[in-house]
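Structure at a glance
Here is how the chains run, residue by residue.
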Amino acid sequence: MSLRHICVLVLLFAGVGVEAICCLGLVVLRDALDRLHCAGAVGFGAALVAAAVVVQDSFSLIGNKAAALGFLLLFANPVVVHMTARTVRIRAHGDWRAQPGEEVEAP
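Residues numbered from 1 in each chain as written. Predicted model: local features only at pLDDT ≥ 70, side-chain atom pairs only at ≥ 80, totals over all residues. Heavy atoms only, no water.

1. As for the overall build of the protein
Spelled out, the test is: Secondary structure elements are taken from DSSP: a helix is a run of H or I of four residues or more, a strand is a run of E of two residues or more, and numbering for both begins at the N terminus. Each radius of gyration is computed over the set of C-alpha atoms, and the globule rule expresses the reference value as 2.2 Å times the number of residues to the power 0.38. Think of it in three bands: with a 1.4 Å probe and only protein chains considered, a residue is buried below 20% of the maximum accessible area for its type, exposed above 50%, and partly exposed in between. Residues are treated as being in contact if the distance between any of their heavy atoms lies within 4.5 Å. Positive charges come from Lys and Arg alone, negative charges from Asp and Glu alone, with His and the N- and C-terminal ends not counted. Each charge is placed at NZ for Lys, CZ for Arg, CG for Asp and CD for Glu.
Looking only at helices and strands, the protein features four helices and zero strands. Helices and strands appear in the protein in the N-to-C order α-α-α-α. Over its C-alpha trace the protein gives a radius of gyration of 18 Å, far above what one expects of a compact globule, namely 13 Å for 107 residues. On the principal axes, the C-alpha backbone points of the protein span a range of 60 × 25 × 25 Å. Here the protein holds 107 residues, and the buried ones make up 16% of them. Pairs at least 24 apart in sequence give 57% of the contacts found in the protein among residues at least 6 apart. Averaged over its 8 positive side-chain charges, the protein has a centre that lies 8 Å from the centre of its 8 negative ones.

2. A word on the environment of alanine 52
If you trace the backbone, alanine 52 turns up in helix H3 (residues 42–57). When its relative accessible area of 3% is taken as the criterion, alanine 52 is described as buried. Between the C-alpha atoms of alanine 52 and histidine 5, which are 47 residues apart in sequence, the distance is 9.4 Å.

Rendered as structure tokens:
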């Protein structure tokens, strides 16, 4: 086994582990807003798997596509999670802003 092969295996197992933990969190958590916390971390697992592909195949056609996909999922996923949370809030309260008399946690 070469060092490259070991790096690929470590990155791949770490990525699959992150994805498995996120899927388990989606099943275990009850509320949609709680589930979004797990859905937000999925991009990190995808980025680790993409890094494993890049280490294995270098920057070839496959490696470039994997890197682009990992980059897209890593940076677009928080935007999608935020939009989903805002939509859930609008559905529940009619507006995404805090209502009068509603307690909001502030630092």
